[in-house]
Amino acid sequence: GLCISQSVKIPREPRVGEFDKIIHRLSENPNARVVIIFANEDDIRRLLQAAKRANQTGHFIWVGSDSWGSKISPILNQEEMAEGAVTILPKRQSIKGFDRYFISRTLENNRRNIWFAEFWENNFQCKLSRHAVKKGSGIKKCTSESAKNRKEAPWPMWSTQSMTKYTAGLYHE
């Protein structure tokens, strides 16, 4: 079976020494060696640097998300820390029926989906709530006009579940 030893969150704005603390926590259970990373490339780089400072070269098996899989910057000048890492770069493809459906969604016809409002605000740099719009902030209130120029739906073609299943497969070789 697969056992998740712990879940560690990287703060949005990590303080000095934060990554050293994370490596220390990950090292508390010497049998837990696989680390799945959902982080941006800067945080990945800093986490690998902290592991190097803690003399953990070769201890962890890193499984990285797509923010690591296609970039060299997280491992530049610390390649030995990432040796043996598995990174995931999902195949991106359109599913015509889904694309047509998703792109047809608007503020008026998609109130059921609880994540749609967040998607709309993030992708069109607007706010749905009139109260969230502050004068002079440059952020507008969301309207159906916000999405006039959208051509494709920007979503990942995979999920946390697929990473968990892939990692479980590493244990069953």
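Further up the page is the structure itself.
Residues numbered from 1 in each chain as written. Predicted model: local features only at pLDDT ≥ 70, side-chain atom pairs only at ≥ 80, totals over all residues. Heavy atoms only, no water.

**A look at the packing of aromatic side chains**
Here is step 1 of the chain: Within this structure, the stated rule accounts for one aromatic pair.
Here is step 2 of the chain: Ring centres of Phe60 and Trp62 lie 5.3 Å apart, and the angle between their planes is 55°; this geometry places the pair in the tilted category.
Here is step 3 of the chain: Relative accessible area serves as the criterion here: at 4%, Phe60 is assigned to the buried category.
Here is step 4 of the chain: The exposure class of Trp62 is buried, given its relative accessible area of 1%. (Phe/Tyr/Trp six-rings, centres within 6.5 Å; stacked < 30°, edge-to-face > 60°. Buried < 20%, exposed > 50% of the residue type's maximum accessible area, 1.4 Å probe, protein only.)

**Some remarks on unusual backbone geometry**
Here is step 1 of the chain: Phi at Asn55 takes a positive value of approximately 55°, unusual for a residue other than glycine.
Here is step 2 of the chain: By the secondary structure assignment, Asn55 is in the loop between helix 2 (41-53) and strand 2 (61-64).
Here is step 3 of the chain: Look at Asn77: it is not a glycine, yet its phi comes out positive at around 65°.
Here is step 4 of the chain: You can call Asn77 exposed: its relative accessible area is 63%. (Helix = DSSP H or I, 4+ residues; strand = E, 2+ residues; numbered from the N terminus.)

**Considering helix 6 (residues 116-124)**
Here is step 1 of the chain: Those residues of helix 6 not exposed but buried are Phe116, Phe119, Trp120 and Phe124. Mapping the buried residues of helix 6 onto a view down its axis gives an arc of 95°, with all of them on the same face.
Here is step 2 of the chain: Following helix 6 by one or two positions, Gln125 has its phi on the positive side, about 45°. (Arc of directions from axis to C-beta.)

**Points about the pattern of salt bridges**
A side chain with one charge can pair with a side chain of the opposite charge if their charged atoms come near.
Here is step 1 of the chain: Within the structure shown, the criterion is met by five salt bridges.
Here is step 2 of the chain: For Arg53, the salt bridge goes to Asp20, with nearest N and O atoms at 2.9 Å. On the criterion of sequence distance, the pair formed by Arg53 in helix 2 and Asp20 in helix 1 (residues 18-27) is long-range, its members being 33 residues apart.
Here is step 3 of the chain: Classification of Arg53 as exposed rests on a relative accessible area of 52%. (Salt bridge = Lys/Arg side-chain N within 4 Å of Asp/Glu carboxyl O.)

**Concerning the side chain of Gln56**
Here is step 1 of the chain: Note that Gln56 resides in the loop between helix 2 and strand 2.
Here is step 2 of the chain: In this structure, Gln56 is in contact with Ile23, Ser27, Ala51 and Met81, ignoring residues within four places of it in sequence. (Contact = heavy atoms within 4.5 Å.)

**Re the pairing of strand 2**
Here is step 1 of the chain: Here strand 1 (residues 34-37) runs beside strand 2; their pairing, made up of four bridges, is parallel. Counted as the bridge partner of Val34 is Ile61 from strand 2.
Here is step 2 of the chain: Two strands pair when backbone bridges link them, and strand 2 and strand 3 (residues 86-87) are joined in this way by two bridges, in the parallel orientation. What sits directly across from Val63, in strand 3, is Val86. (Pairing = 2+ DSSP bridges.)

**Comments concerning the packing of helix 1 against helix 2**
Here is step 1 of the chain: Across the interface, helix 1 lies against helix 2 with an axial gap of 8 Å and an inter-helix angle of 65°. The element helix 1 and its partner helix 2 pack so that their crossing is right-handed. Here helix 1 contributes Phe19, Asp20, Ile22 and Ile23 to the contact with helix 2, which in turn contributes Asp43, Arg46, Leu47, Ala50, Ala51 and Arg53.
Here is step 2 of the chain: For the contact of helix 1 with helix 2, a count of residues per class yields six nonpolar, no polar and four charged. (Axes fitted to C-alpha atoms, helices over the stretch in contact; angles between N-to-C directions. Left-handed = near helix turned anticlockwise from the far one by under 90°. Nonpolar A, V, L, I, M, F, W, Y, C, P; charged D, E, K, R; others polar.)

**Side note on the sheet that holds strand 1**
Here is step 1 of the chain: Pairing is parallel in the open sheet, where three strands are placed in the order 1-2-3. Each of the sheet's edge strands pairs with one partner strand only, and the pair in question is strand 1 and strand 3.

Interpretation in functional terms is not warranted from these geometric data alone.
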